[in-house]
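One-letter residues, chain by chain:
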Amino acid sequence: LAQRGREALEKVLALDPAHLDAREFLFRYYAEAPWPIGSKTKAAVQLDAIRPLDPNRADLLDLQAKGRAKDYAGALAAGDALLAREPKHRRGLYRWARVALAGGLELERAADRLEACAKETRLGDRDPTSAQVWQKLAETRLRLQQKDLARAACIQGLAAEPSHRALTELLRQIDAPPAQG
């Protein structure tokens, strides 16, 4: 099934080389599939074809792929390129901060970017929800040993989505008495 889907997308690109959704799907297919199906070279070809047509999309895809590969510095550089062009790119701000948190890099900057992200309007289903943004901000603040700011972020997130389980659990952990030991 996956092979037929890939072949269909390649036919779409033969008819319309600028079809960005088909290129993005093929990029993800090649970047995420295990060897021998996956291919970094073939993924790079798709990314290189996307870049002149939509540099923001290319940088966001690059940020995500490098983050998954644990190339945190490379991912942050791709995100920096995107955010230099479009500083209020909500998904870019969020993804940049997620990668920084995963890699334990530039956490103050990650917190600043999540604060900026929280101020931007969600544009569609692919953008993070407000609760997701506040959750990542709370997690970042905890890593920075800023318990009061982490608690405030949890409260903001729960105001946006009162039934958000991860935020509820995170707030419970923050408010729990210190372990006796």
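Residues numbered from 1 in each chain as written. Predicted model: local features only at pLDDT ≥ 70, side-chain atom pairs only at ≥ 80, totals over all residues. Heavy atoms only, no water.

### A short note on the packing of helix α7 (residues 107–119) against helix α8 (residues 130–143)
(1) Moving on: Packing of α7 against α8 brings their axes to within 9 Å, and their N-to-C directions diverge by 155 degrees. One way to sum up the angle between α7 and α8 is to call them roughly antiparallel. α7 and α8 meet at a crossing whose hand is left-handed. Where α7 approaches α8, its residues Leu107, Glu108, Ala110, Ala111, Leu114, Glu115, Cys117 and Ala118 are matched on the opposing element by Val133, Trp134, Lys136, Leu137, Thr140, Arg141 and Arg143.
(2) Moving on: Class assignment for the residues of the contact of α7 with α8 results in nine nonpolar, one polar and five charged. (Axes fitted to C-alpha atoms, helices over the stretch in contact; angles between N-to-C directions. Helix = DSSP H or I, 4+ residues; strand = E, 2+ residues; numbered from the N terminus. Parallel < 35°, antiparallel > 145°, perpendicular 65-115°, else oblique. Left-handed = near helix turned anticlockwise from the far one by under 90°. Contact = heavy atoms within 4.5 Å. Nonpolar A, V, L, I, M, F, W, Y, C, P; charged D, E, K, R; others polar.)

### Some thoughts on α8
The periodicity of an α-helix, 3.6 residues per turn, causes residues three or four positions apart to be oriented the same way.
(1) Moving on: The end-to-end C-alpha distance of α8 is 20 Å, a good match for the 20 Å that 14 residues give at a rise of 1.5 Å each.
(2) Moving on: Of all the residues in α8, the buried ones are Ala131, Val133, Trp134, Gln135, Lys136, Leu137, Ala138, Thr140 and Arg141.
(3) Moving on: Turning to α8, the residues buried within the fold contact α6 (90–103), α7, α9 (147–160) and α10 (165–175). (Expected span 1.5 Å × (residues − 1). Buried < 20%, exposed > 50% of the residue type's maximum accessible area, 1.4 Å probe, protein only.)

### Some words on the packing of helix α4 (residues 55–68) against helix α5 (residues 72–85)
(1) Moving on: Closest axis-to-axis distance for the α4/α5 pair is 8 Å, and the angle between their directions is 160 degrees. Relative to α5, the element α4 lies roughly antiparallel. The way α4 lies across α5 gives a crossing that is left-handed. Each of Pro55, Asn56, Asp59, Leu60, Asp62, Leu63, Lys66 and Gly67 in α4 lies in contact with α5, whose residues at this interface are Tyr72, Gly74, Ala75, Ala78, Gly79, Ala81, Leu82 and Arg85.

### Side note on the environment of Ala118
(1) Moving on: Inspection of the secondary structure puts Ala118 in helix α7.
(2) Moving on: Residue Ala118 is classed as partly exposed on the basis of its relative accessible area of 22%.
(3) Moving on: In sequence terms Ala118 and Val133 are 15 residues apart; their C-alpha atoms lie 6.3 Å from each other.
(4) Moving on: Leaving out residues up to four positions away in the same chain, Ala118 has contacts with Val133 and Trp134.

Remember, this is a structural readout, not a statement about activity or role.
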